[in-house]
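The chain contents come next:
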Amino acid sequence: RYLVAAHAGGIRPVVCINKIDLDTENRAAKAAHMYRALGYPALLTSTQNRTGIDELRDVLRDRESVLAGQSGVGKSSLLNAVQPGLNLRTGDVSQTTSKGRNTTPTARLLKLDVGGYGVDTPGIRSYEIAEVPIHELEMHFVEFVDRLANCKFPDCTHVHEDNCAIQRAVDAGEINRARYDSYVRMFSEYENP
């Protein structure tokens, strides 16, 4: 959803997978590899052991950036690590859910010592992409774009049609099934609001 919104808004997205110190199964590296293969910069970070903090600082340098993500993923903690002294409020990981807790009540524009600005945003539990018309959703999945002309029907939704190039690519392992499933969920939400 964040990538679709970034594409629709003409924003350069960077995927940042935080809290990799908690990743005992190496799932973060696999996810980062998948995003990089699609052309997205992908960082692996941890504020606990300072992994990826220098790389994140370089990404933010001299830019206007917004850190967006679900509640408790560590956006404020990352900004504190990038620029010690910000002292943004952070919370501990919940012992019950093993997830972070939302501690940022409003968006804050922060001037960064490395140049540029960063916006620390409140966590988002769900994210609507209402500004993207349903017939344009496919264009915001970069792995779909070059295959769209190969669908049998010009108005193919890539959900239920026969001879769909996107579905064939998913079945052949050329498109990540989780990404395709995400597309189908978003498409279904448009059809059944």
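Structure: see above.
Residues numbered from 1 in each chain as written. Predicted model: local features only at pLDDT ≥ 70, side-chain atom pairs only at ≥ 80, totals over all residues. Heavy atoms only, no water.

> Looking at this structure, I do not really get the packing of aromatic side chains. What am I missing?
Applying the stated criterion across every chain, the model contains 6 aromatic pairs. On the basis of an interplanar angle of 90° and a centroid distance of 5.4 Å, the ring pair of F141 and Y183 is categorised as edge-to-face. Separated by 42 residues along the polypeptide, F141 in the loop between β5 (116-120) and α5 (142-145) and Y183 in helix α7 (residues 177-191) bring together distant segments of the chain. According to the relative accessible area criterion, F141 is buried, its value standing at 1%. Members of the aromatic cluster, connected to one another through ring pairs, are F141, F144, Y180, Y183 and F187. (Phe/Tyr/Trp six-rings, centres within 6.5 Å; stacked < 30°, edge-to-face > 60°. Helix = DSSP H or I, 4+ residues; strand = E, 2+ residues; numbered from the N terminus. Buried < 20%, exposed > 50% of the residue type's maximum accessible area, 1.4 Å probe, protein only.)

> What's the story with the pattern of salt bridges in this structure? I'm lost.
Note on pairing: side chains with opposite charge can pair once their charged atoms come close. Counted by the stated rule, this structure contains 6 salt bridges. Note that D54 and R57 form a salt bridge whose closest N and O atoms lie 2.7 Å from each other. Here D54 pairs with R57, and both are found in helix α3 (residues 53-60), just 3 residues apart, close to one helical turn. Judged by relative accessible area, which is 48%, D54 ranks as partly exposed. Across the pair E143 and R179 runs a salt bridge whose closest N-O atoms are separated by 2.7 Å. Placement of the pair is E143 in helix α5 and R179 in helix α7, with a sequence separation of 36 residues. In terms of burial, E143 and R179 fall into one category: buried. (Salt bridge = Lys/Arg side-chain N within 4 Å of Asp/Glu carboxyl O.)

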